[in-house]
Amino acid sequence: MYWLKLIKKNLFKVFLKKIFISIFAIYFVLIFPLNATDNNEIASNKALDGLTASKSQIEEILEYFSESIQNKTPIDTEKTSKMFGYKNFEEFANQYLKIFKLTDITVDEIREYLEGTDSTVIIDQSKKNIDKLYKLIMNDEYFKKKNTYLKTYKKGVHKGNEINMMALAVYVNYEKEMAKITKNPNLKKISRFTWWWGVTWGNNSNPYGYALKGCRESAEKYKLFGGKCIIVDWRSKKTGEIKNMIKPDVELAQRMKELKNKKIKKEKPKIKVEEKIKIANINIPVQVFLVKYNQPNFNSKITSNEVKEDFKKANDIWNRRGLNFEIINISNVKGSSKKISKDLKWVESKYVKSLQIDLKKQTMKSKNDKKYDQIVQKIIGAKKNRNKNAINVFYIPHIPSGLACGVAYTYALNKKYFAQLDQLRRQNLGFIIIGEKSACISRGRTVAHELGHMFSLGHKHDQKTDLMMWGSGIEIQNWQLQKFQKYHNKYLRKRLTF
């Protein structure tokens, strides 16, 4: 079957397009009115490029899966899901299916694809096992139902020309599938795969180039990873000869030989040393903007008392480490309702569906980032709503992309150093957006989490109880407190004033 025809008739294409594809820091160009009398301000709007958005829970876990498969690191889907704040893998998979509105793929199929290669198996590339892989591909129910390769061969004519030879190229994780076959010779099914075929007529006798080119273009288009395009089948219409073209991988054979001779050393268990809890003494001013909208699908209902309750919960967490976020003002500001319904519809139908993962940079981005940035800026009134001497927090009905409960946009998260970055950080140009409606356990905890991002804390800790990971954790580690203090003292201590 042509992969192109496959994607026209089912939504599995979206799953591949989103999960195989590279997360991700998204860069936003935000334009704020600067005080021309302040010598510390940078007058050029171009200097504001690079403000980094904190990643959502689902973006981070997709990036982790992507990196693991690329590095051939075994994935425990249940353990990983819990590490990223989900109750189990099924909760992650169902959220993914819901966000991207997928109906033609099951939770088990997602799990099977992500589990990667079993690195403990000494892969046997015998003729018997290679023939088994060939049969599993050619007899795959989905392939048999959707492909045009076999139908065209049977017909004997393509585009009005009498067929000479044909070849089928399949994008598959050869190592993973051979490991599965080695482990279970009675394997009934392999992971979902994509394919393309080539055909020749007349004197042209090489269909391989067409098949591989089409397969690679399809894989590149949908940002598939973890495998490669290989010629699986060749057949001659004139002679009726059919060949299994799958060949043993020489490099894989050498690695298996080394693995077989390698002695596995057990690591000595590390003894955990309890750290003395450190306490800071910092009071940070916060400016809250309640952005008011009155649209059927974007209606603001939150009150000042609810916001105060959110910050009470956030401070219950931060106060344990001597940090306090004090609201100095809650301002009701009118949202720009012009074209808001149209913009939100565009975000859902165009922006979310066009998100892709760049495997080389491990960043998630969309070709529509610029327009999405403009919509976000317009929704919160970024050009006019800002208190440069406080942490700015905006409440809106919900996050437009639907990928998070809240998000922080800040230079504190920018890992790439560039000229004037220190000056930009000192200007306190970043802000937090909190969605009134969200699926998160606690909106107050979300506020606490995003406040951590404003002071350079990223998603970096493997304890499920940690505030800066996802779920219900509220712990703040000593090294996180030190990093928070360092960023505050270096960049914002003089700026954040009451």
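Residues numbered from 1 in each chain as written. Predicted model: local features only at pLDDT ≥ 70, side-chain atom pairs only at ≥ 80, totals over all residues. Heavy atoms only, no water.

### Thoughts on a positive patch on the surface
On the surface, a cluster of positive charge is contributed by Lys 338, Lys 339, Lys 342, Lys 350, Lys 353, Lys 367 and Lys 371. For Lys 342, the position within the fold is in helix H14 (residues 340-351). (Patch = residues over 30% accessible without salt bridge, like charges linked within 9 Å, V, L, I, M, F, W, Y side chains within 5 Å. Areas by Shrake-Rupley, 256 points an atom, 1.4 Å probe, with all protein chains shown as cover. Salt bridge = Lys/Arg side-chain N within 4 Å of Asp/Glu carboxyl O. Lys, Arg positive; Asp, Glu negative; His and termini not counted. Charge placed at Lys NZ, Arg CZ, Asp CG, Glu CD. Helix = DSSP H or I, 4+ residues; strand = E, 2+ residues; numbered from the N terminus.)

### Comments concerning the pairing of strand S16 (residues 431-435)
Counted residue by residue, S16 has five buried out of five residues, so it is predominantly covered. Of the two faces of S16, the one carrying Phe 431, Ile 433 and Gly 435 and the one carrying Ile 432 and Ile 434 are both buried. Where strand S15 (residues 406-410) and S16 come together, four bridges link them in antiparallel fashion. Among the inter-strand pairings, Gly 406 is bridged to a residue of S16, identified as Ile 434. (Buried < 20%, exposed > 50% of the residue type's maximum accessible area, 1.4 Å probe, protein only. Pairing = 2+ DSSP bridges.)

### A look at the packing of aromatic side chains
Evaluation of the coordinates by the stated rule reveals 20 aromatic pairs. Both rings, one in Phe 289 and one in Phe 394, keep their centres 4.9 Å apart while their planes meet at 15 degrees; by these two values the pair is stacked. On the criterion of sequence distance, the pair formed by Phe 289 in strand S8 (residues 282-292) and Phe 394 in strand S14 (residues 391-396) is long-range, its members being 105 residues apart. Across the pair, exposure class does not vary: Phe 289 and Phe 394 are buried alike. Between Trp 318 and Phe 325, the aromatic rings sit 5.9 Å apart at their centres with planes inclined by 70 degrees, giving edge-to-face as the arrangement. The pair Trp 318 / Phe 325 is uniform in exposure class, with both members buried. (Phe/Tyr/Trp six-rings, centres within 6.5 Å; stacked < 30°, edge-to-face > 60°.)

### Looking at unusual backbone geometry
Located in the positive-phi region is Lys 339, a residue other than glycine, with phi close to 65 degrees. With respect to the secondary-structure elements, Lys 339 resides in the loop between strand S11 (323-334) and H14. Exposure remark for Lys 339: the relative accessible area of 51% places this residue in the exposed category. In this structure, Asn 428 is a non-glycine residue whose phi angle is positive, near 55 degrees.

### Brief notes about H14
By the burial criterion, the buried members of H14 are Ile 340, Asp 343, Leu 344, Trp 346, Val 347 and Tyr 351. Projected onto a plane normal to the axis of H14, the buried residues spread over an arc of 155 degrees and lie on a single side. Set apart from the buried face of H14 by more than 90 degrees, the exposed residues are Lys 342 and Lys 345. (Arc of directions from axis to C-beta.)

### Things to note about the confidence of the model for the chain
Mean pLDDT over the chain: 82, with 82% of residues reaching 70 or higher. Looking over the chain, one finds the lowest element-wise mean pLDDT in strand S1 (residues 27-28), namely 28, and the highest in S14, namely 97. Within the model, the stretch residues 1-40 combines pLDDT values under 50 with 169 contacts to residues more than four positions away or in other chains. Throughout residues 42-49 the model reports pLDDT below 50, and contacts reaching past four residues in sequence, or to other chains, amount to 23 contacts. (pLDDT = per-residue confidence, 0-100. Contact = heavy atoms within 4.5 Å.)

### Examining the environment of Ala 167
Relative to the helices and strands, Ala 167 is located in strand S4 (residues 161-172). The exposure class of Ala 167 is buried, given its relative accessible area of 0%. The sequence separation of Ala 167 and Ser 236 amounts to 69 residues, and the corresponding C-alpha distance is 9.0 Å.

### Quick look at the packing of H14 against helix H15 (residues 369-380)
For the pair H14 and H15, interaxial distance at closest approach is 11 Å and the crossing angle is 145 degrees. The crossing of H14 and H15 is left-handed. Residues Ile 340, Asp 343, Leu 344, Trp 346, Val 347 and Tyr 351 of H14 touch H15, and the partners they reach there are Asp 369, Lys 371, Tyr 372, Ile 375, Lys 378 and Ile 379. Here the contact of H14 with H15 is built from residues that sort into eight nonpolar, no polar and four charged. (Axes fitted to C-alpha atoms, helices over the stretch in contact; angles between N-to-C directions. Left-handed = near helix turned anticlockwise from the far one by under 90°. Nonpolar A, V, L, I, M, F, W, Y, C, P; charged D, E, K, R; others polar.)

### Thoughts on the side chain of Thr 77
Relative to the helices and strands, Thr 77 resides in helix H4 (residues 77-83). Ignoring anything within four residues of it in the chain, the contact list for Thr 77 reads Phe 89, Arg 111, Leu 114 and Glu 115.

### What to know about the pairing of S15
For S15, the buried fraction is high: five of the five residues fall into the buried class. Residues Gly 406, Ala 408 and Thr 410 of S15 are buried on one face, and the alternating residues Val 407 and Tyr 409, pointing to the opposite face, are buried as well. As judged from the two bridges shared by strand S2 (residues 51-53) and S15, these two strands associate in the antiparallel manner. Bridging from a neighbouring strand, Thr 52 pairs with Thr 410 of S15.

### Description of the nonpolar core
Membership of the largest hydrophobic core comes to 52 residues, with the highest contact counts inside it found for Ile 58, Phe 92, Ile 379 and Ile 433. Looking at this core element by element, the count peaks at six residues for helix H5 (residues 89-99). Ignoring sequence-local partners within four residues, the contact set of Ile 379 consists of Val 291, Tyr 293, Phe 298, Ile 340, Leu 344, Ile 396 and Pro 400. Residues Ile 282, Phe 311, Trp 318 and Leu 496 belong to the second largest nonpolar core, which totals 37 residues. (Core = buried A, V, L, I, M, F, W, Y, C linked by side-chain atoms within 4.5 Å.)

### Topic: the pattern of salt bridges
For the coordinates displayed, the defined rule picks out 10 salt bridges. Residues Lys 228 and Asp 249 are paired through a salt bridge, measuring 3.8 Å at the closest nitrogen-oxygen approach. Placement of the pair is Lys 228 in strand S6 (residues 228-236) and Asp 249 in the loop between strand S7 (242-244) and helix H12 (250-261), with a sequence separation of 21 residues. Its relative accessible area of 21% is what places Asp 249 among the partly exposed residues. The shortest N-O distance in the salt bridge between Asp 316 and Lys 312 comes to 3.8 Å. With Asp 316 and Lys 312 both in helix H13 (residues 304-318), this residue pair falls four residues apart, about one helical turn. Using a relative accessible area of 48% as the deciding quantity, one classes Lys 312 as partly exposed.

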